[in-house]
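# Working through the structure, step by step
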Amino acid sequence: MTTLDDWRDRPLDEVLALCRDTVEDPDYPTVRRWRELGGKVVGHFQVYSPQEIVHAAGMLPLKVRGAPVEPDQADSRFGSYLCSILKTSLELVLSERVELDMFLSHPICDAARNLAAIWGRNFPYPCQILYLPQNANSQYSVTYLRDEYDRLKESVEEVAGRRVSDDDLRRSIALYNDNRRLMRELYELKRETPWLVSAEDGYCLVALGGMIPVEEHNELMRAVLPMLRSRTAKPQDRVRVVFEGAFCEQPPLDLVRMVGRSCYIVDDDFLIGLRFILEDVASDGDPLHNLAHAYLETSSYSPVQHDNRKLKEEMLLDRIERSGAEAAIVGAAKMCEPGLEEQVAYIQALDKTGMPYFVNEFEENMTSFSQLELQVETFVENLLFG
């Protein structure tokens, strides 16, 4: 099924404009088109979900990441002092912008652990909680997670009305291996020649992967990456930065644009769940075991995965070093307890190394950026001319 407006044989700038328009559209036109063609949709909340299981059942895994909308209906379902993404994610469905057949959440924080229950009170379809291991260092973590994935698979099969075989899973794993490989190529391009791909275009190319079929996203990325490499743009006098703190709630695209006007974002944790597995998942043996092993042993980091082998401060410093960044932008979503706690640890680590950094809080539906842009420009000027 083709869900994205025809982009083939169009110039690169038109393709990128289509990607931006699609990602910024709160009505999710690609999901609507999928449903019109008879497809079913499983929404999965931040941060990471094994999309392969949903895809293997012939359904569309939709990354539920909130939206820049007012939570007019969802506000009454939540308390006041909570992050925006919880409310706007539910608002998308209450306002019928998005229609789901199943919802999957994760207990990544005190607020999100209740999301599936609240969702389930408002909709008749299954609303599941996927319990990723709290102790990633236990010798039984892989076995536990494999069984948890099997439980999820049974629920997915019931919604899809069909059985998911090991071969189905292997085919999906192969497609998502290709997808993650293509996104790694995009990030290599951002690190090596960031003037060839703007911050907002890099973001949108990744974000599309959470709202269209993986086969379609792979085709798009295979077409776009060579066109990006062939651009003749020249490097400008901008500071190379790493943006950290967007693992769950996403900054508005206008904020990403604003930072990109004075900085090259050479690495980040935008939508990290779509890129969380860093190597190909094995295709032989038990596919559920392979997915569980990949999540625990060959994955990135985030404040909501607790693994003593992956200290977040050290991982951030490594990300900065590998990308050749000259500074860090350490953000956090307002009311995000894990993000704000980790922000303190990041700042202490950056202070120890002398790495310049800029700290900010954001909210997905913020609309005014003039004061923040002035602060970022001042920070950049101090680095360039101070």
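See above for the structure.
Now for a quick tour of the structure. (Residues numbered from 1 in each chain as written. Predicted model: local features only at pLDDT ≥ 70, side-chain atom pairs only at ≥ 80, totals over all residues. Heavy atoms only, no water.)

Time to look at the overall build of the protein chain. Looking only at helices and strands, one finds 14 helices and eight strands in the protein chain. Along the first, second and third principal axes, the C-alpha set of the protein chain runs to 65 × 50 × 45 Å. Counting the 386 residues in the protein chain, one finds 59% classified as buried. Considering only contacts within the protein chain whose residues lie at least 6 apart along the sequence, 72% involve residues at least 24 apart. Carbon and sulfur atoms provide 47% of the accessible area of the protein chain, an area that totals close to 16,200 Å². Of note, the protein chain has its 42 positive side-chain charges centred 3 Å away from the centre of its 65 negative side-chain charges. (Helix = DSSP H or I, 4+ residues; strand = E, 2+ residues; numbered from the N terminus. Buried < 20%, exposed > 50% of the residue type's maximum accessible area, 1.4 Å probe, protein only. Contact = heavy atoms within 4.5 Å. Areas by Shrake-Rupley, 256 points an atom, 1.4 Å probe, with all protein chains shown as cover. Lys, Arg positive; Asp, Glu negative; His and termini not counted. Charge placed at Lys NZ, Arg CZ, Asp CG, Glu CD.)

Here we have four strands laid out as an open sheet, ordered S2-S1-S3-S4, and parallel in their pairing. Sheet topology places strand S2 (60–64) and strand S4 (127–129) at the edges, where each strand pairs with a single neighbour. Averaged over all pairs of adjacent strands, the angle between their axes in this sheet comes to 25 degrees, without regard to strand direction. The sheet contact formed by strand S1 (residues 41–45) and S2 spans five bridges and is parallel. Bridge assignment links Gly43 to a residue of S2, and that residue is Leu62. (Pairing = 2+ DSSP bridges. Axes fitted to C-alpha atoms, helices over the stretch in contact; angles between N-to-C directions.)

Moving on, we come to the nonpolar core. By size, the foremost hydrophobic cluster in this structure holds 121 residues, and its most contacted members are Phe45, Trp119 and Tyr149. If we skip the residues at most four places from it in the chain, Tyr149 touches Tyr48, Pro50, Ile53, Leu130, Leu132, Leu288, Leu291, Ala292 and Tyr295. The next biggest cluster of nonpolar side chains, apart from the first, holds 12 residues, and it includes Val242, Leu316, Tyr346 and Leu350. (Core = buried A, V, L, I, M, F, W, Y, C linked by side-chain atoms within 4.5 Å.)

Examined against the element boundaries, Arg309 turns out to sit in the loop between helix H11 (287–297) and helix H12 (312–323). Residues Arg309 and Asn137, spaced 172 residues apart in sequence, show a C-alpha to C-alpha distance of 7.9 Å. With residues up to four places along the chain from it excluded, the contact list for Arg309 reads Ala136, Asn137, Leu296 and Glu297. Within polar-contact distance, the side chain of Arg309 engages the side chain of Glu297 at 3.0 Å. (Polar contact = N/O pair within 3.5 Å; in protein donor to acceptor, adjacent residues only side chain to side chain.)

To continue, consider the packing of aromatic side chains. Summed over the entire model, instances satisfying the criterion amount to 10 aromatic pairs. Measuring from centroid to centroid gives 5.7 Å for Phe358 and Phe379, while their planes differ by 45 degrees, and the two rings are tilted. Within this pair, whereas Phe358 is found in strand S8 (residues 357–362), its partner Phe379 is found in helix H14 (residues 370–385), the two being separated by 21 residues in sequence. For Phe358, a relative accessible area of 11% translates into the label buried. Relative accessible area serves as the criterion here: at 13%, Phe379 is assigned to the buried category. By way of ring pairs, the aromatic residues Phe103, Trp119, Phe123 and Tyr125 are connected into one cluster. The ring of Tyr187 carries the charged tip of Arg275 above its face, separated from the ring centre by 4.0 Å. (Phe/Tyr/Trp six-rings, centres within 6.5 Å; stacked < 30°, edge-to-face > 60°. Lys NZ or Arg CZ within 6 Å of the ring centre and 35° of its normal.)

Turning our attention to the side chain of Thr298. Position of Thr298 among the secondary structure elements: in the loop between H11 and H12. Accessibility expressed as a relative area gives 17% for Thr298, which makes it buried. With sequence-adjacent residues up to four places away left out, Thr298 is seen in contact with Phe276, Ile277, Leu278, Glu279 and His293.

The subject of this paragraph is the environment of Glu200. Mapped onto the fold, Glu200 is located in helix H8 (residues 199–207). Distance in space between the C-alpha atoms of Glu200 and Val256 is 5.9 Å, their sequence separation being 56 residues.

Turning to the pattern of salt bridges, a few remarks are in order. For the coordinates displayed, the defined rule picks out 38 salt bridges. With a shortest N-O distance of 3.2 Å, Glu157 and Lys153 are connected by a salt bridge. With Glu157 and Lys153 both in helix H6 (residues 141–160) and four residues apart, this pair spans about one turn of that helix. When its relative accessible area of 11% is taken as the criterion, Lys153 is described as buried. The salt bridge involving Asp254 is made with Arg257; its shortest N-O contact spans 2.5 Å. Residue Asp254 and its partner Arg257 are located together in helix H10 (residues 253–260), separated by three residues, close to a single helical turn. Through salt bridges with shared partners, a single ionic network connects Arg20, Glu24, Glu200, Asp201, Asp254 and Arg257. (Salt bridge = Lys/Arg side-chain N within 4 Å of Asp/Glu carboxyl O.)

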